[in-house]
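Structural characterization, general
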Amino acid sequence: MNVLVSRLVQAVMVAVLIGTATFVMMRSLPGDAAWRIAAGRYGYDRVDAASADAVRAELGLDGPTLPALVQWLGDLARFDFGTSLVTGQPVIKEIVHQLGATVSLALAALLLSLLIGPPLGILAGLRPGGALDRALLVASTGLKAAPQFLIALVLIVLVAVQLRWLPAAGHGEPRHFILPALTLALGLSAVNARIARDAMARIADMPYWRFAQWKGLSERQTLLRHGLRGVSVPLVTYLGLQFVTLVEGVIIVESIFGWPGIGHALVHAIFSRDVPMVQGTALMLGLGFVLINAAIDLAVNRLDPRTAS
Amino acid sequence: MSLLKASNITVSQDGTPILEPVSLRLEAGEPLVILGETGSGKSLLAQAIMGTLPRDLAARGQVALGDHLLDAARPVGFRALWGRQIAVLPQEPWLSLDPLMRVQSQVTEAHRLVNGKPVAEARTQASADLDRLGLTGAGHRYPHELSGGMAQRVAIAAARAGGARIVIADEPTKGLDAARRDDVADLLLAELARGGGLLVITHDLALARRIGGQMIVLRKGQVVEEGPTAAVMAAPSQAYTRELIAADPENWKPRTKQAAGSAVLTATGLAAGRGGTRLFSDVSFDLSEGEILGVTGPSGCGKSTLGGVVLGLIDAADGVVNRADGLKATAFQKLYQDPVAAFPRHRTLARTLDDVARRHGQALGRIEELLPRLGLSPALLSRRPDAVSGGELQRLALLRLLLVRPSLIFADEPTSRLDPITQKQVIDLLCETARSEGCAIMLVSHDPALVSRTADKMLSLGTTAAKVDVTAPRVVGALR
């Protein structure tokens, strides 16, 4: 229960901080916001000084900063995210639409990373210093060090362009998931393979691991009954941090693969100075972070009775 | 027919023998005790018989178990016997249970997966096992919710659930106080009474005496003596065994009381707690030069906290500590339980000691002068802490304290990690130090026999109100 209360307080603080920070950042961006918004609405070819001035007057962009900030935070408290400056649609509606696409991509990536990383990590951790362990260290260090746009481009060049197995971009069919999800999953599994490896090596060195075998359990039974749960505790704990990697990756990967998700929307909103959209999207990501960490706290408490007491 | 017969078991590391040929027989209903100090090879012998030696060690010899004949050189062959023929009771039961699994499941799984019983029957059986060991209702707990003694009983239930008739216990009383030690002995004997065999590896003479049966005494990888435990303990035929038995605190000669010098410290009505729990209250005592105050009590009763209060490291919740006038704060020193942890690992001992001598303005000759008095060779100084034995390191720790010219040494279980013979040496030196340096000593120990034969007076902490200034033998009587 305490977990939930403290996370709720955290959520409120995150909302205020992100709300203020995005507001300040958007205000201090160089360039004429009215011009950019007009360009977003009418297209770059048809924008001129007159339409920019019309936008400026309509949105009150010249007004003082502080009242605007207070108004935005007040709207936030009433769960009113405002309307997009570009499309005129309520921000919440746009976000919900895009969030669905992002969450499905993120889940696919997460699932894929859990299929790749932990099994390899556990095998490596059972034989620390072995060939697999050393190979995995090199591979995961390399994958973690490579920027995600590079991994994405390499995958596109290899799989989509050279081999022509999968589409380079697009949305709507299951096969469109594979490349963006794989790009995200490789970065994630580089880390969770290391975590699983370290946890497994630590557990296999514990007296209870030996004792399970002395009781007469086979190697396999020992792993299934006394290894996996222990490995899952740090893995799940680390998911909270991996969510950051995921968000960062989603923004890049969605842009590269043309995925109509929240990351893609955020980038576009920034380009066209769609302040309510930027604020709403950043806020969603921030609150998502708190929500996921609350869920992880609960899951770890269930997995490890020692943390609950 | 013997339950287990091991012939000519040897262990070597890179071709160097570290255990000379040992043969032993384990009979049903008669325990076998392997007695030896650290480095005697007693644990290696047990591991060779179980097939659990570390990879860099090679064993030779035959082990006959019922109708199985096994080659000690091929440890893989032993695996099928674990749980089914041999039950191994781990050294640290609390760490040997999976922290994420309820304890009853840890017994049930052995019944089910090793013994092949159906789930329901395995559950019933596990529950019956726990009941028999006095753990009724504790099955749904997790290991961190058990006491050490309960964990040990769960471990023995789990170890035997696979149907093993032979129990091998390696140092089952490591770090336990006297009362818990006897509980473990009784638990092991109760298991033996259910049929099967019992092999106990220990350095603990009191445990060996209580277990009885047959005994093998090992020293430096060689068998020194063997025979019925009672006979060996009553009339050892070898010099080493005699020395070992003489080193048992039970057999120490009580120390003659010294005439006390001037007062060092007076404590009145002390009370302290930890984490909100009151550990002790109304503790009063005084200490004079050359006097030894024994402090006993079960683990967790606040012995170390009392030390912190006396040394001025922890504030007392109540009461006052009056230190004699003219004594510096550094005159109150502590001798730690684990000497290895009390020395910087990567520096030579000479450097560490020189630093202390210089800091406290001692002539450099002082170290050389103290070395022979503590039975230490000057050659040790060029080594690092991990290259000297535990007993030597504890004596070096004492030497380091003496460089500070202490008026009071709080010795917190200074010998609990040492072998009996080394323990006796260190305690003798501590007593000698009290006399020759004229410093007061507070000696903390979980071993009432040790304290009663060493201390001038006793302080017993624990559930009962602290007793003060009672003569040693009476308190020891009360503790039993």
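Residues numbered from 1 in each chain as written. Chains lettered and ligands numbered in written order. Predicted model: local features only at pLDDT ≥ 70, side-chain atom pairs only at ≥ 80, totals over all residues.

1. Structural notes on the overall build of chain A
So the rule is basically this: The secondary structure listing takes helices from DSSP runs of H or I that are at least 4 residues long and strands from runs of E that are at least 2 residues long, numbered from the N terminus. Using C-beta atoms placed from the backbone, we call a residue buried if 20 or more other C-beta atoms fall within 10 Å of its own, exposed if 12 or fewer do, and partly exposed for counts in between.
Each helix and strand counted, chain A has 13 helices and 0 strands in total. Reading the secondary structure of chain A in the N-to-C direction produces α-α-α-α-α-α-α-α-α-α-α-α-α. Dimensions of chain A along its principal axes, counting C-alpha atoms only, are 80 × 55 × 30 Å. Within chain A, the proportion of its 309 residues that are buried is 36%.

2. Thoughts on the overall build of chain B
The condition is simple: C-alpha atoms define the radius of gyration in this analysis, and the globule rule sets the expected value at 2.2 Å times the number of residues to the power 0.38. Contact definition: two residues whose C-beta atoms, as placed from backbone geometry, lie within 7 Å.
The number of helices and strands found in chain B is 15 helices and 19 strands. Here the C-alpha radius of gyration of chain B, 25 Å, is about what a compact globule of 480 residues would show, namely 23 Å. Each principal axis of the C-alpha atoms in chain B carries an extent, and together these give about 75 × 50 × 45 Å. Expressed as a percentage of its 480 residues, the buried residues of chain B come to 49%. Summarising the internal contacts of chain B: among those between residues at least 6 apart in sequence, 69% fall at separations of at least 24.

3. Observations concerning the domain arrangement of chain B
Residue and element names in this part refer to chain B. For clarity, the threshold we go by: Note that the domain bounds reflect an automated or database-derived domain assignment. Three classes are used: nonpolar for Ala, Val, Leu, Ile, Met, Phe, Trp, Tyr, Cys and Pro, charged for Asp, Glu, Lys and Arg, and polar for all others, with Gly counted as polar.
When its domains are assigned, chain B resolves into domain 1 (4–248) and domain 2 (251–478). For domain 1 and domain 2, the distance between their C-alpha centres works out to 34 Å. Each partner contributes to the interface: domain 1 provides 13 residues, whereas domain 2 provides 12 residues. Per-element tally for the side of domain 1 that touches domain 2: the top contributor is helix α8 (residues 239–246), with 4 residues. Residues that form the side of domain 1 that touches domain 2 fall into these classes: 6 nonpolar, 3 polar and 4 charged.

4. Concerning the sheet that holds strand β14 (residues 318–323) of chain B
Residue and element names in this part refer to chain B. Rule in force here: At least two bridges found by DSSP between two strands are what make those strands a pair. Note on geometry: axes are C-alpha line fits, over the in-contact stretch for helices, and angles between N-to-C directions span 0 to 180 degrees.
Taken together, the 3 strands give an open sheet; going across it, the order is β12-β11-β14, and neighbouring strands pair in antiparallel fashion. Edge positions in the open sheet fall to β12 (277–288) and β14, since each of these has one partner strand only. Pairwise comparison of adjacent strand axes, ignoring direction, gives a mean angle of 15 degrees for this sheet. Pairing between strand β11 (residues 263–274) and β12: 8 bridges, direction antiparallel. What sits directly across from Ala263, in β12, is Ser288. Packed onto the sheet, helix α9 (residues 303–311) meets β11, β12 and β14 and runs at close to 130 degrees relative to β11.

5. Some thoughts on the packing of helix α5 (residues 91–126) of chain A against helix α10 (residues 219–257) of chain A
Residue and element names in this part refer to chain A. Where we set the bar: With respect to orientation, any angle under 35 degrees is reported as roughly parallel, any angle over 145 as roughly antiparallel, any angle of 65 to 115 as roughly perpendicular, and every other angle as oblique. Put simply, a crossing is left-handed when the front helix is turned counterclockwise from the back one by less than a right angle, and right-handed when it is turned clockwise.
Close contact between α5 and α10 brings their axes to 11 Å; oriented N to C, the two are set at 135 degrees. Classified by the interaxial angle, the pair formed by α5 and α10 is oblique. The interaxial crossing formed by α5 with α10 has right-handed handedness. Contacts between α5 and α10 involve Thr102, Leu105, Ala106, Ala109, Pro118 and Ile122 on the former and, on the latter, Val231, Leu235, Leu246 and Val250. Tallied by class, residues from the contact of α5 with α10 come to 9 nonpolar, 1 polar and no charged.

6. Focus: the interface of chain B and chain A
Facing the 21 residues of chain B at the interface are 18 residues of chain A. Of all elements in the fold, only α2 (103–114) and α4 (148–160) of chain B reach the threshold of two or more residues within the side of chain B that touches chain A. Among the elements that make up the side of chain B that touches chain A, the one with the highest residue count is α2 of chain B (4 residues). Of the residues that constitute the side of chain B that touches chain A, the class distribution is 13 nonpolar, 4 polar and 4 charged.

7. As for the sheet that holds strand β2 (residues 16–26) of chain B
Residues and elements named next belong to chain B. As summarised here, the arrangement of the 4 strands in space is β2-β1-β4-β5, forming an open sheet in which the pairing is antiparallel. Single-partner strands in this sheet number two, and they are β2 and β5 (68–71). Going from strand to strand, the sheet's axes swing by 10 degrees on average, the running direction of each strand aside. Sheet topology places strand β4 (residues 57–65) next to β5; 4 bridges connect them, and they run antiparallel.

8. Notes on the environment of Arg74 of chain B
Mapping Arg74 of chain B onto the fold places it in the loop between β5 and β6 (86–89). Along the sequence, Arg74 of chain B and Ala169 of chain B sit 95 residues apart, while their C-alpha atoms lie 22 Å from each other.

9. Some remarks on helix α11 (residues 262–271) of chain A
All names here are of chain A. Buried residues of α11: Ile262, Gly263, His264, Ala265, Leu266 and Ala269, and no others. Turning to α11, the residues buried within the fold contact α5, α10 and α12 (275–303). At the C-terminal side of α11, Arg273 shows a positive phi close to 50 degrees.

10. Here we look at the domain arrangement of chain A
Residue and element names in this part refer to chain A. Per the domain assignment, the segments of chain A are domain 1 (1–86 + 272–309) and domain 2 (100–271). Each of domain 1 and domain 2 has a C-alpha centre, and these two points are 29 Å apart. Taken together, the contact pairs 15 residues of domain 1 with 16 residues of domain 2. Counted by class, the side of domain 1 that touches domain 2 contains 10 nonpolar, 3 polar and 2 charged residues.

11. Here's the deal with the nonpolar core
Soluble, globular proteins show a tendency: their nonpolar side chains are buried together. We apply this condition: Put simply, a nonpolar core is a cluster of buried Ala, Val, Leu, Ile, Met, Phe, Trp, Tyr and Cys residues tied together by C-beta atoms within 7 Å.
Counting 148 residues, the largest nonpolar core has Val154, Ile166 and Ile168 of chain B as the members making the most contacts within it. It is helix α8 (residues 175–203) of chain A that provides the largest number of residues to this core, a total of 15 residues. Not counting residues up to four positions away in its chain, the partners in contact with Ile168 of chain B are Ala46, Met50, Ile86, Val88, Leu89 and Leu199 of chain B. By size, the runner-up hydrophobic cluster in this structure holds 58 residues, among which are Leu270, Ile292, Leu293 and Ala316 of chain B.

12. Section: unusual backbone geometry
Residue and element names in this part refer to chain B. Positive phi is not limited to glycine here, since Asn8 has a value of about 50 degrees. Within the secondary structure, Asn8 sits in strand β1 (residues 4–13). Asn8 gets classed as exposed once you count the C-beta atoms within 10 Å, which come to 12. Here Arg405, not a glycine, exhibits a phi torsion of approximately 55 degrees, which is positive. By the element assignment, Arg405 lies in the loop between α12 (390–402) and β16 (408–412). Residue classification places Arg405 among the partly exposed residues on the basis of 16 C-beta atoms within 10 Å.

13. Examining the confidence of the model for chain B
All names here are of chain B. Worth spelling out the cut-off: Each residue carries a pLDDT score, the predictor's confidence in it, ranging from 0 to 100.
Predicted confidence across chain B gives a mean pLDDT of 84, with 95% of residues reaching 70 or more. A low-confidence stretch, residues 464–480 stays under pLDDT 50, and its non-local contacts, those more than four residues away or across chains, total 30 contacts. Reported confidences for the modelled complex are a pTM of 0.72 and an ipTM of 0.74.

14. What about the pairing of β1 of chain B?
Residues and elements named next belong to chain B. Pairing geometry for β1 and β2, over 7 bridges, is antiparallel. Paired with Val11 across the bridge in β2 is Leu19. Of the strand pairs in this sheet, β1 and β4 are connected by 8 bridges, and their pairing is antiparallel. Each bridged residue has a counterpart across the sheet, and for Lys5 the counterpart in β4 is Ala64.

15. Side note on the packing of α5 of chain A against α12 of chain A
Residue and element names in this part refer to chain A. With their axes 10 Å apart at the nearest point, α5 and α12 run at an angle of 50 degrees to one another. The orientation of α5 relative to α12 falls into the category oblique. Between α5 and α12 lies a crossing of right-handed hand. Across the interface between the two elements, Val91, Ile92, Glu94, Ile95 and Leu99 of α5 pack against Pro276, Met277, Gly280, Thr281 and Met284 of α12.

16. Here we look at the environment of Arg302 of chain A
Residues and elements named next belong to chain A. Counting through the fold element by element, Arg302 comes out in helix α12. For Arg302, a count of 11 C-beta atoms within 10 Å corresponds to the exposed category. Taking the C-alpha atoms as reference points, Arg302 and Val233, separated by 69 residues in sequence, lie 9.6 Å from one another.

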